[in-house]
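Below, each chain spelled out in residue letters.
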Amino acid sequence: MATKFSKETYLYWYELMQLIRQFELMAEEKYKMEGKIRGFFHAYVGQEAIAAGCMTATKPDDPFITAYRDHGLALSKGVSANACMAELYGKATGAAKGKGGSMHFFGVDVKFFGGHGIVGAQIGTGAGLAFAERYKGTDNVCLTFFGDGAARQGMLHETFNLAMLWKLPVIFICENNNYAMGTSVERTSNVVDIYKLADAYEMPADSIDGMSPEAVHEAVARAVKRARQGDGPTLLEIKTYRYKGHSISDPQKYRTKEEVDEYKQRDPIQTVLQTILTRKFATQEEIDAINKRVNDTVTGSVKFAEESPWPDDSEVLKDIYIDQHYPFIVD
């Protein structure tokens, strides 16, 4: 039976997805038009339904870990827009003290463990987080996100094997947006249905419509329930689409404008808004109030970032892992 979602859930989804969308569009403007943001920048525009559905299907204490397209999930887990924008600006008040930038958002207090630049590395780390939760005796479940390109990494296979062997409370979520940078799945893998990779490890798996927060919620809720019961991991291939390029500097010559427009016709924010209005969950005035609240938050984050200080030079070598008992002599 399909879940019947409440008015509160739809309004939460709408506001969260709008926050992610407007944050990304504002940050893109500051990157392209004003040069306030530099370095790498990977936007989550188009993929917001995944974050929305995952949030309502999990608990605040469930850890999330992802790759470098991390802004949307960081905002969803509760890293403030101020801290996120300041990090993009490289300011000391950023989520990683201005040292990580776009790819390395972090929020240990809200169980958001990054933002990782090494493709696929977070797959193993996510299983490690799940192992830690098991070790501590909690019933928390780690959601480990990666892209379709990372599914080619050997780390995935090693991790899948151990996660199943040890029945770790982890959900592996492949955000399949069709292109690993600019290369389609069809050009890189004989297995184009990524969820089938789980079959080799007898891991439950499914393919999900990533443009629908309802579908994402239902699939994640099933997997979370299974993991909390001690039955181990699940692989979810959530099929989505990014409206922007791989990064902001991507000319996107590998796909057509018609293809992008086709997916935009299924935009999750507009679909949820239509449901809200059709079911009379909110008036247009109430929607306008949500939009204003989101706009104020995003605009405020820019002001916060621009007024924040740069990191002090003394911070350069801080927050770097050092083994005080390293047994070898180094220069």
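Everything here concerns the structure above.
Each chain has its residues counted from 1, running along the sequence as written. For a predicted model such as this one, the threshold for reporting local features is a pLDDT of at least 70, and the threshold for listing and counting side-chain atom pairs is 80 or more; totals across whole chains, interfaces and linings nevertheless cover every residue. Processing note: side-chain calculations cover all non-hydrogen atoms of the structure and skip hydrogens and water entirely.

Visitor: Please give an account of the environment of phenylalanine 113 that cites residues and values.
Guide: Think of it this way: any DSSP run of H or I at least four residues long counts as a helix, any run of E at least two long counts as a strand, and we number them from the N terminus. Within the secondary structure, phenylalanine 113 is located in the loop between α4 (81-89) and α5 (121-136). The buried category is assigned to phenylalanine 113, whose relative accessible area is 17%. Considering only alpha carbons, one finds phenylalanine 113 and proline 169, 56 residues apart in sequence, at a separation of 16 Å. In this analysis, two residues are considered to be in contact whenever any of their non-hydrogen atoms come within 4.5 Å of each other. Beyond its immediate chain neighbours, meaning those up to four positions away, phenylalanine 113 contacts Pro63, Phe64, Ile65, Phe106, Val108 and Leu129. Exposure is judged per residue with a 1.4 Å probe applied to protein chains only, and the accessible area is read against the type maximum: over 50% gives exposed, under 20% gives buried, and values in between give partly exposed.

Visitor: Got a sec to walk through the packing of aromatic side chains? Specific residues and values, please.
Guide: A pair of aromatic rings is counted whenever rings of Phe, Tyr or Trp (Trp by its six-membered ring) have centres within 6.5 Å, and the orientation is called stacked for planes under 30 degrees apart, edge-to-face for over 60 and tilted otherwise. One pass over the full model with this rule turns up 12 aromatic pairs. For the pair phenylalanine 160 and tyrosine 201, a centre-to-centre distance of 6.1 Å together with 90 degrees between the ring planes defines the contact as edge-to-face. Here phenylalanine 160, found in helix α6 (residues 154-165), pairs with tyrosine 201, found in the loop between β5 (183-184) and β6 (205-209); they are 41 residues apart in sequence, far enough to count as distant. Judged by its relative accessible area of 0%, phenylalanine 160 falls in the buried class.

Visitor: Before we move on, could you go through the nonpolar core and cite the residues and values that matter?
Guide: In this text, buried Ala, Val, Leu, Ile, Met, Phe, Trp, Tyr and Cys residues form a nonpolar core when linked through side-chain atoms within 4.5 Å. If you look at the biggest cluster of nonpolar residues, it comprises 72 residues, and the most contacted ones within it are Cys54, Met85, Leu143, Ile171, Val220 and Ile276. The element best represented in this core is helix α1 (residues 7-32), accounting for 11 residues. Aside from chain neighbours lying at most four places away, what touches isoleucine 276 is Tyr10, Leu11, Tyr14, Phe281, Ala282 and Ile287.

Visitor: Go over a nonpolar patch on the surface, please, and point to the residues and values.
Guide: Exposure above 30% relative accessible area and the lack of any salt bridge qualify a residue for a patch; like charges then connect within 9 Å, and the nonpolar side chains Val, Leu, Ile, Met, Phe, Trp and Tyr within 5 Å. Computed with the Shrake-Rupley method and a 1.4 Å probe, the accessible areas treat only the protein chains shown as cover for residues. We define a salt bridge as a side-chain nitrogen of Lys or Arg found within 4 Å of a carboxyl oxygen belonging to Asp or Glu. Taken together, the side chains of Phe131, Tyr135, Leu162, Leu165 and Trp166 make up a nonpolar region of the molecular surface, amounting to roughly 600 Å² of accessible area. At the level of secondary structure, the elements contributing two or more residues to the nonpolar patch comprise α5 and α6. Note that leucine 165 resides in helix α6.

Visitor: Give a detailed account of the sheet that holds strand β7 (residues 234-239), specifying residues and quantitative values.
Guide: Think of a sheet as strands paired side by side through backbone hydrogen bonds, with each pair either parallel or antiparallel. When DSSP finds two or more bridges between two strands, those strands count as paired. Pairing is parallel across the open sheet formed by five strands, whose spatial order is β1-β2-β3-β7-β6. Only two strands of the sheet have a single partner each, and these edge strands are β1 (64-65) and β6. Sheet topology places strand β2 (residues 142-147) next to strand β3 (residues 170-176); six bridges connect them, and they run parallel. Among the inter-strand pairings, phenylalanine 145 is bridged to a residue of β3, identified as isoleucine 173. Relative to the sheet, α6 contacts β2, β3 and β7, its axis offset from that of β3 by approximately 150 degrees. On the sheet, helix α7 (residues 213-228) packs against β2, β3, β6 and β7 and is oriented at approximately 155 degrees with respect to β6. Angles here are taken between N-to-C directions and fall from 0 to 180 degrees, while the axes themselves are lines fitted to C-alpha atoms, restricted in helices to the stretch in contact.

Visitor: Break down the packing of α1 against α7 for me, with residues and values.
Guide: Running from N to C, α1 and α7 cross one another at 110 degrees; their axes reach a closest spacing of 12 Å. Classed by the angle they form, the pair α1 and α7 counts as roughly perpendicular. From α1, Tyr10, Trp13 and Met17 reach across to α7, where they touch Pro213, Glu214 and His217. Oblique is the label for every angle not falling under 35 degrees (roughly parallel), over 145 degrees (roughly antiparallel), or within 65 to 115 degrees (roughly perpendicular).

Visitor: Go over the pattern of salt bridges with me, naming the residues and quoting the values.
Guide: Taken as a whole and judged by the stated rule, the model has 23 salt bridges. Arginine 222 is paired through a salt bridge with aspartate 206; the nearest N and O atoms lie 3.5 Å apart. Here arginine 222, found in helix α7, pairs with aspartate 206, found in strand β6; they are 16 residues apart in sequence, far enough to count as distant. A single salt-bridge network, built from bridges that share partners, covers Lys97, Lys99, Glu315, Lys318 and Asp319.

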